[in-house]
Amino acid sequence: MARFIFVTGGVVSSLGKGLSSASLAYLLQSRGYKVRLRKLDPYLNVDPGTMSPFQHGEVFVTDDGAETDLDLGHYERFSGVSAKKSDNITTGKIYNDVLKKERKGKYLGKTVQVIPHITDRIKEFIKNDSSKEDFVICEIGGIVGDIESLPFVEAIRQFANDIEKKNALFIHLTLVPYLKASDEIKTKPTQHSVKELRSIGIQPDIIICRSERSIPLEHRKKISLFCNVDIKNVIETVDVKTIYEAPISFFKEKLDVQVLNYFKMKSKKPVNLNPWKKITKIIFKTKKEVNIAIIGKYVELKDAYKSLDEALAHGGIENKIKVNLIRIDSDKLRVSEIKSKLRNISGILIPGGFGKRGTDGKIEAIRYARINKIPFLGICYGMQMAIIEFARNKLNIKKATSSEFDKNGVHVIGLINEWKKDGKTIKGTDKDLGGTMRLGSYDAKLKDNSLIRKIYGKNLIKERHRHRYEVNINYKEKFEKNGMSFSGLSPDGSLPEIIELKNHPWFVGVQFHPEFKSRPLAPHPLFSSFIRASKNHK
Ligand code: GLN
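This structure is a prediction, so every number in the text was calculated from the model and none was measured. (Residues numbered from 1 in each chain as written. Predicted model: local features only at pLDDT ≥ 70, side-chain atom pairs only at ≥ 80, totals over all residues. Heavy atoms only, no water.)

1. Regarding the packing of aromatic side chains
On inspection of all chains with the given rule, the structure shows 16 aromatic pairs. Centre to centre, the rings of F60 and F516 are 5.1 Å apart; their planes meet at 75°, and the pair counts as edge-to-face. Taken together, the residues span a long stretch of sequence, with F60 in strand β3 (residues 60–61) and F516 in the loop between β25 (507–510) and α18 (525–537) at a distance of 456 residues. The same class applies to F60 and to F516, which are both buried. Grouping aromatic residues by their ring pairs yields a cluster made of F4, F6, F159 and F170. Over the face of the ring belonging to F284 we find K241, whose NZ or CZ atom lies 5.2 Å from the ring centre. (Phe/Tyr/Trp six-rings, centres within 6.5 Å; stacked < 30°, edge-to-face > 60°. Helix = DSSP H or I, 4+ residues; strand = E, 2+ residues; numbered from the N terminus. Buried < 20%, exposed > 50% of the residue type's maximum accessible area, 1.4 Å probe, protein only. Lys NZ or Arg CZ within 6 Å of the ring centre and 35° of its normal.)

In structure tokens, the structure reads:
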């Protein structure tokens, strides 16, 4: 049976529970164990799919087509294990399941209540599909004390009892602030947070203290004493310069050793930190820089393009160059300013997006990249915009547009009518917005002698999708005659997956999101190639 590790947070949010969980997963894996990571989100949305990236950051898509919390991206990038639908759940989904069951009369006339019905459903989710794992690390979103997270905390308390406490470990992550004015480190918020956790029946086994500076022994002793935790289990995590240092820093603090000790388990092999050491060294040593512009609607919130930022950084590591991301708000980008704003840019990237706002600026920037031969990567919406730009300015179809934001005009981009998955045909719709896009991993066949074929080094690829609209295949011939090749198609040839320009050093548009599959220890070839081209453009 798997051992379960529950990670809760206290004092403030955004302390890095996701990164801590992901780092722990790497260390346990490196010691020879099989690990799975899960996230329990307390909000009422059924999934983050319909939430604005401004509110919630990026929506991370799994191979099996789930729209999930961005922490699952951290998990994948650090553990290398692809997340599944069954690894992220929200309060909304739990209630949805319970209420559906209630409508079917499955509760046999009983009063349906938070305890036991909601908590039972949470416990089912935690345990589901875990029999082959050595460890399941479950992160609880939000912080202890939030009304919304209460049923989750109650469920993990019960769960630990159900499987016997020795098979479950509670880790609590808190903030240990440093007060500049009095030059003091304060443990009181941690004490209060643990008190809060204990009031709902959970005694943490390990406390991870996030701090700006190293925590002296006397303060650790205080936390150990007041929070009733062995001093060896008071682990500090001091701010790191790059997130790739996190596994190294938790290893130094013996987090993994303490976890194994708790479960009375032994390490199967020594931890290998070399890959992380290698990449942090590259990051710290690299002096050369390359400027990449990301032109999108959500650039103000850094987390809105989390996987993309990471994938570009991975491309930089692979090319031993620092990638400076210049974020340009497409909403505010005036056509007249494009030249001046893109002057020192070596590569232009248009990420995924929705709706009409900001399209003019994006289209003009693509034209600028096409004509001035600046490396360009268009992702999903970015590829669709590249198609519209080419149709309008090169094919002279002035009214070319997408039915996503203009019901009139010439639809070079249109609603997907149907597409195939595992032999089945699915109908596209824009009526119900939640979970109805073309989601998850689909195959694409690459054209021989194309740039994309060279980049991937194979003919058939699998990439993750998240879109409702599609390039109209009927225009293929017209585009290709004029220099834009459809170099990747769905296996049945009906859906354009990749476009590229013939007379351009590096101009690629992809209908999928390659950023979701890039990992620091295995950078995605598309990003490595894009950064290489941008580096050469300088
Ligand atoms: N809005 C576009 C569509 O639904 C693109 C989506 C995206 O970029 N992820 O097809």
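Having seen it, we continue.
2. So, the site of the ligand
If you check the shell around the ligand, you find G352, G353, F354, C380, Y381, Q384, E404, R466, H467, R468, Y469 and H513 and nothing else. Contact distances for the ligand include 3.1 Å between an oxygen atom and a backbone N or O atom of Y381. Contacts to the ligand include Q384, whose side-chain N or O atom sits 3.1 Å from an oxygen atom. Protein chains bury 99% of the 290 Å² of accessible surface belonging to the ligand in isolation. Of all the secondary-structure elements, those providing two or more residues to the shell around the ligand are α15 (381–393) and β21 (460–467). Among the residues forming the shell around the ligand, the class breakdown is four nonpolar, five polar and three charged. (Near = heavy atom within 4 Å. Polar contact = N/O pair within 3.5 Å; in protein donor to acceptor, adjacent residues only side chain to side chain. Areas by Shrake-Rupley, 256 points an atom, 1.4 Å probe, with all protein chains shown as cover. Nonpolar A, V, L, I, M, F, W, Y, C, P; charged D, E, K, R; others polar.)

3. So, the side chain of S534
In this fold, S534 is placed in helix α18. You can call S534 buried: its relative accessible area is 0%. In contact with S534, not counting residues within four places along its chain, are V290, I292, S346, G347 and P375. (Contact = heavy atoms within 4.5 Å.)

4. Quick look at helix α4 (residues 91–103)
The end-to-end C-alpha distance of α4, which contains 13 residues, comes to 18 Å, matching closely the 18 Å that a straight helix rising 1.5 Å per residue would cover. Along α4, the positions that sit buried rather than exposed are T91, G92, I94, D97 and V98. Where α4 is buried, its residues touch β2 (35–41), β5 (88–90), α5 (114–127) and α6 (150–162). (Expected span 1.5 Å × (residues − 1).)

5. Let's talk about the environment of N167
Structurally, N167 is set in the loop between α6 and β7 (168–175). Contacts of N167, omitting those with residues within four sequence positions, involve M1, R3, F4 and F263.

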